[in-house]
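Residues per chain are reported as follows:
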Amino acid sequence: MTEQQQHAAESEAAPLSRKTFLSISGKSLVAGGLLAGSPLLAQTRSDKAAKSPPARIPASPQEPIVLEQWKSDADPATAPTPTPLAPDQRVGYAVVGLGHLALEEILPALSSCKKSRLVALVSGNPEKLKKVSGQYGIARENCYSYQNFDSISSNKLVDVVYIVLPNGLHKEYVIRAAKAGKHVLCEKPMANNAEECRDMIRACEQANVKLMIAYRIQYQPHNRYVRQQLKQQEFGTTRFVEACNSQSSANPDHWRHKKALAGGGALPDIGLYCLNTTRFILGLEPTEVFAWQFSTAGNPLFKEVEELVAWQMKFPGGIMASCSTDYAVHESRRYRVMAERGWLDIENAYAYHGQQLKSSTVKDGIKMQASINIPETNQFAAEMDHFSDCVMNNKQPFTTGYEGLQDHIIMDAIYQSAREGRPVKIDPVKDPSKLHGPEPEL
């Protein structure tokens, strides 16, 4: 009888000792398989087999898969699972202009969209166009120059044209896109002045295409949370808003410092965030503005456009807002809302990411300050997917062309006030329902 046969006979009479098991397993594995077919190893493999976790699978592709719960309510809940549409079911975007914003934010954001996809590019730089199209897999026939842009009308892949050009070019390309039969998403500020906005709105309405202005802040969760808190008067009646958006510029040859291309300086570029966000969170329109303007003498950055604008806005109910914007200071992007029984404050309020929301109130005689942690989203992806949803379901976008026009009406009044050194009244909006479409599903 061999040694293995002897061990096998002994195992029928008594349980294997550790020493005996190790002796058999070590020799049999080398020999090629004593344990491979054993019931013990088969049971072990069965226990470790991959299994799909319990889940609820909705029939609609728009509803997320609901996985089994694994966290207690002592911690924040995880976000719903993503619900991207198949690529061929998404709305196709042509991005016009391949500058900082397009290359650094918008094109990468399209890669994370659920309802939107990049299908075409437009640029005046052939070398840049070739490189970027290769990076994003855009075929040569879907790449356009500014000269042949109008031929995009025959491209069935393109549903939306996203205008990411200097402000002074918005009007031309919005109108050209509308005439090509494409829906239009236009960066803010909408144009150089209110009259240009009216021309753009008229062109889109005549062509029966949708026009949305890319106010990404109105799709950002921290700012939407503040808006909801104020609407519900969680801190009592709102009394005052303090807002600032400033940064430091360095290149006098950049289009932002050319009046014809920018329309103005700090106010329409970054001060607009203070203006539009304040209107958004309050849900009110200002009735009067009072402004001041300043530019450092001899600074080549400010030969054509202003450096600093500070202004106050009066809203119905006695609410006041104090806003400022500057092109020559270290960046600061924040606002605070003061109410009867507390305040809400957002640092990095207008930034692409990094929002920090805090609140203060008194409870049971004790001052309570809190950091409110809300998961970030990609603001550009959120606004593009909202517009895609509007295109697919024939809805008005939340931030319409009339919303963009209203900001220009107010900015025109701010400039007038700064020139004349007096308060300027703002006419009531004739039809407030045109400012916003249905609330976005974010």
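How each quantity is defined
- Residues numbered from 1 in each chain as written.
- Predicted model: local features only at pLDDT ≥ 70, side-chain atom pairs only at ≥ 80, totals over all residues.
- Heavy atoms only, no water.
- Helix = DSSP H or I, 4+ residues; strand = E, 2+ residues; numbered from the N terminus.
- Buried < 20%, exposed > 50% of the residue type's maximum accessible area, 1.4 Å probe, protein only.
- Contact = heavy atoms within 4.5 Å.
- Areas by Shrake-Rupley, 256 points an atom, 1.4 Å probe, with all protein chains shown as cover.
- Phe/Tyr/Trp six-rings, centres within 6.5 Å; stacked < 30°, edge-to-face > 60°.
- Pairing = 2+ DSSP bridges.
- Axes fitted to C-alpha atoms, helices over the stretch in contact; angles between N-to-C directions.
- Lys, Arg positive; Asp, Glu negative; His and termini not counted.
- Salt bridge = Lys/Arg side-chain N within 4 Å of Asp/Glu carboxyl O.
- Arc of directions from axis to C-beta.
- Expected span 1.5 Å × (residues − 1).
- Polar contact = N/O pair within 3.5 Å; in protein donor to acceptor, adjacent residues only side chain to side chain.

Considerations on the overall build of the chain
Next up, step 1: Scanning the chain from N- to C-terminus turns up 12 helices and 17 strands.
Next up, step 2: Per-residue burial over the chain gives 46% buried out of 442 residues.
Next up, step 3: Taking as baseline every contact in the chain between residues at least 6 positions apart, the subset at least 24 positions apart corresponds to 67%.
Next up, step 4: Element-wise, carbon and sulfur atoms account for 52% of the exposed surface of the chain, whose accessible area totals about 23200 Å².

Observations concerning the packing of aromatic side chains
Next up, step 1: Under the criterion given, the structure shown has 8 aromatic pairs.
Next up, step 2: Plain terms: the ring middles of Phe-280 and Phe-398 are 6.4 Å apart, the flat faces sit at 85° to each other, and that makes the pair edge-to-face. Highlighted residues: Phe-280 in helix H10 (residues 266-282) and Phe-398 in the loop between helix H11 (379-393) and helix H12 (401-420), separated in sequence by 118 residues.
Next up, step 3: Seen from their ring centres, Tyr-335 and Tyr-350 are 6.0 Å apart, and the 35° between their planes marks the pair as tilted. Here Tyr-335 is found in strand E13 (residues 328-339), whereas its partner Tyr-350 is found in the loop between strand E14 (342-347) and strand E15 (356-363), with 15 residues between them in sequence.

A look at the sheet that holds strand E12 (residues 320-326)
Next up, step 1: One open sheet holds the 9 strands; their spatial order is E16-E15-E14-E13-E9-E12-E11-E10-E17, and the pairing between them is mixed. The sheet terminates laterally at strand E16 (366-372) and strand E17 (424-425), the two strands that pair on one side only.
Next up, step 2: Sheet topology note: the strand E10 (residues 288-294)/strand E11 (residues 308-314) ladder contains 7 bridges and is antiparallel. Looking across to E11, one finds that Phe-294 is bridged to Leu-308.
Next up, step 3: Its contacts with the sheet put helix H8 (residues 221-231) on strand E9 (238-248), E13, E14, E15 and E16, and the angle it makes with E14 is roughly 165°.
Next up, step 4: In this fold H10 packs onto E9, E11, E12 and E13, with an angle of close to 155° to the strand it touches most, E9.

Examining the pairing of E14
Next up, step 1: Buried residues dominate E14, accounting for 5 of its 6 residues.
Next up, step 2: Hairpin remark: E13 followed by E14, antiparallel, with 2 residues in the connecting loop.

Overview of the side chain of Arg-216
Next up, step 1: Note that Arg-216 resides in the loop between strand E8 (211-213) and H8.
Next up, step 2: Nearest to the buried, unbridged Arg-216 among oppositely charged side chains is Glu-187, at 6.3 Å.
Next up, step 3: Here Arg-216 is in contact with Tyr-273, Tyr-350, Ala-351, Tyr-352, Gln-379, Phe-380 and Glu-383, once residues within four sequence places are set aside.

Brief notes about helix H4 (residues 100-110)
Next up, step 1: Along H4, the positions that sit buried rather than exposed are Ala-102, Ile-106, Leu-107, Ala-109 and Leu-110. Seen along its axis, H4 keeps its buried residues to an arc of 155°; they face one direction.
Next up, step 2: At its buried positions, H4 is contacted by strand E3 (91-96), strand E4 (116-122), helix H5 (126-136), strand E6 (160-163) and H11.

Some points on the pattern of salt bridges
Next up, step 1: Within this structure, the stated rule accounts for 20 salt bridges.
Next up, step 2: A salt bridge links Asp-199 to Lys-171; the nearest nitrogen and oxygen atoms lie 2.9 Å apart. Of this pair, Asp-199 sits in helix H7 (residues 194-207) while Lys-171 sits in helix H6 (residues 170-179), and the two are 28 residues apart along the sequence.
Next up, step 3: Among the residues examined, Lys-171 registers a relative accessible area of 27% and is labelled partly exposed.
Next up, step 4: Glu-285 serves as the salt-bridge partner of Arg-279, at 2.8 Å between the closest nitrogen and oxygen.
Next up, step 5: The buried category is assigned to Arg-279, whose relative accessible area is 3%.
Next up, step 6: Linked through salt bridges whose partners overlap, the residues forming this network are Glu-242, Arg-334, Arg-336 and Asp-345.

Some words on H11
The periodicity of an α-helix, 3.6 residues per turn, causes residues three or four positions apart to be oriented the same way.
Next up, step 1: Over its 15 residues, H11 extends 21 Å from the first C-alpha to the last, a length consistent with the 21 Å expected when each residue adds 1.5 Å.
Next up, step 2: In terms of residue burial, H11 counts as a mostly covered element, since 13 of its 15 residues are buried.
Next up, step 3: The distance from a side-chain oxygen at the start of H11 to the backbone nitrogen of Phe-380 is 3.0 Å, and the residue carrying that oxygen is Asn-378.
Next up, step 4: Where H11 ends, the next residue or the one after it, Asn-394, has phi of about 50°, a positive value.

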